[in-house]
Amino acid sequence: MSQSPYQVISDSSATISSDVVWHKHAVTHDDRVTAKGHKPCVLWFTGLSGSGKSTIANAVDVQLHQLNVHTYVLDGDNVRHGLNGDLGFADKDRIENIRRVGEVSNLFVDAGLIVLTAFISPFESDRQQARDKLTEGQFLEVFIDTPLAVCESRDPKGLYKKARSGEIKHFTGIDSDYESPVDPEIHVKTDNRSVEECAKDVVDYLLVNGFIENRQGK
Ligand code: ADP
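Residues numbered from 1 in each chain as written. Predicted model: local features only at pLDDT ≥ 70, side-chain atom pairs only at ≥ 80, totals over all residues. Heavy atoms only, no water.

By the naming in an unreviewed UniProt entry, the chain is Adenylyl-sulfate kinase, taken from Enterovibrio norvegicus FF-454. Heading Function (unreviewed entry) of the UniProt record for the chain holds this comment: "Catalyzes the synthesis of activated sulfate." Heading Catalytic activity (unreviewed entry) of the UniProt record for the chain holds this comment: "adenosine 5'-phosphosulfate + ATP = 3'-phosphoadenylyl sulfate + ADP + H(+)". (UniProt positions renumbered as here; feature names shortened; annotations may be inferred.)

Okay, structure coming up:
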């Protein structure tokens, strides 16, 4: 039996039949990385609602495209329209939401892409589970660090207002916990900074750490 190049589904409720054998493909992960010309990874954006995850992830995506890097953005709300359309917001569903995103990210990294995920992902254990699926060094936690009061004053989707009035329950930062990353690879403070400056923090990390090179115009 061929070995999977990455760790397979770890949902304790799922059992994988012994008849399901990992099929080894002729084109390897290394072949795909060579074709892309940069190192793949997941940029796992985490932070409170309204902290700027989607906005900064999209700005990073634009900057990476200008450097001819192959990327894909997995955004919380968008994924809930399709892949995770059957999930709600109870703890069990939130955990399954993040587990599936981890699995999809894993596949995209196997394909050689730089994946940007934008999910609140408030619990350290869930982020750790996503990290554990990837080869060491391929999971980069990006903490979008914005004080709750600033997120609430931005309130881009009007959700804090609804949470304060009790219309939405279990809202992260209000009546549900957010566990801040202890040692994120990239720590972005957004208050009083422009979106472009914040995005540059992320792109600079990728340049300095050799994930990408400045090959604009090549
Ligand atoms: P999240 O995805 O974390 O819920 P969004 O990206 O949807 O947050 O919303 C963040 C809001 O904050 C946007 O309206 C954005 O224009 C605003 N904003 C102001 N300054 C910044 C900054 N430096 N970085 C990111 N967003 C910012």
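1. Remarks on the site of the ligand
Contacts to the ligand come from 17 residues, most closely from G50, K53, S54, T55 and R193. R193 places a main-chain nitrogen or oxygen 2.7 Å from a nitrogen atom of the ligand. Burial of the ligand by the protein amounts to 77% of the accessible area it has alone, namely 570 Å². Taking a 2 Å distance to the grid points as the criterion, the majority of the atoms of the ligand fall inside the largest pocket. Counting only elements with at least two residues in the shell around the ligand, the list comes to α2 (53–66) and α8 (195–208). Top element by residues in the shell around the ligand is α2. It accounts for four residues. A class-by-class count of the residues in the shell around the ligand yields five nonpolar, eight polar and four charged. (Near = heavy atom within 4 Å. Polar contact = N/O pair within 3.5 Å; in protein donor to acceptor, adjacent residues only side chain to side chain. Areas by Shrake-Rupley, 256 points an atom, 1.4 Å probe, with all protein chains shown as cover. 1 Å grid on protein atoms, 1.4 Å probe; cavity = no way out; pocket = protein on both sides within 12 Å on 5 of 7 lines; lining within 4 Å. Sits in = over half its atoms within 2 Å of the grid points. Helix = DSSP H or I, 4+ residues; strand = E, 2+ residues; numbered from the N terminus. Nonpolar A, V, L, I, M, F, W, Y, C, P; charged D, E, K, R; others polar.)

2. Regarding the sheet that holds strand β5 (residues 186–189)
Overall, parallel pairing links the five strands, which are arranged β2-β3-β1-β4-β5 in an open sheet. Pairing within the sheet leaves two strands with one partner each, and these edge strands are β2 (71–75) and β5. Neighbouring strand axes in the sheet, compared pairwise and without regard to direction, differ in orientation by 20° on average. Sheet topology places strand β1 (residues 41–46) next to strand β3 (residues 114–118); five bridges connect them, and they run parallel. Following the sheet pairing, L43 is matched in β3 by L116. Each of β1, β3, β4 (139–145) and β5 touches α8; the most contacted strand, β5, lies at about 165° to it. (Pairing = 2+ DSSP bridges. Axes fitted to C-alpha atoms, helices over the stretch in contact; angles between N-to-C directions. Contact = heavy atoms within 4.5 Å.)

3. Structural notes on the nonpolar core
Formed by 25 residues in total, the largest nonpolar core has its most connected members in L43, F45, V60, L206 and I212. Elements with a minimum of two residues in this core: β1, α2, β3, β4, β5 and α8. In contact with L206, other than residues within four places in its own chain, are C41, L43, L64, I114, L140, F211 and I212. Core analysis: the second largest hydrophobic core is formed by 14 residues, W44, V101, L134 and F139 among them. (Core = buried A, V, L, I, M, F, W, Y, C linked by side-chain atoms within 4.5 Å. Buried < 20%, exposed > 50% of the residue type's maximum accessible area, 1.4 Å probe, protein only.)

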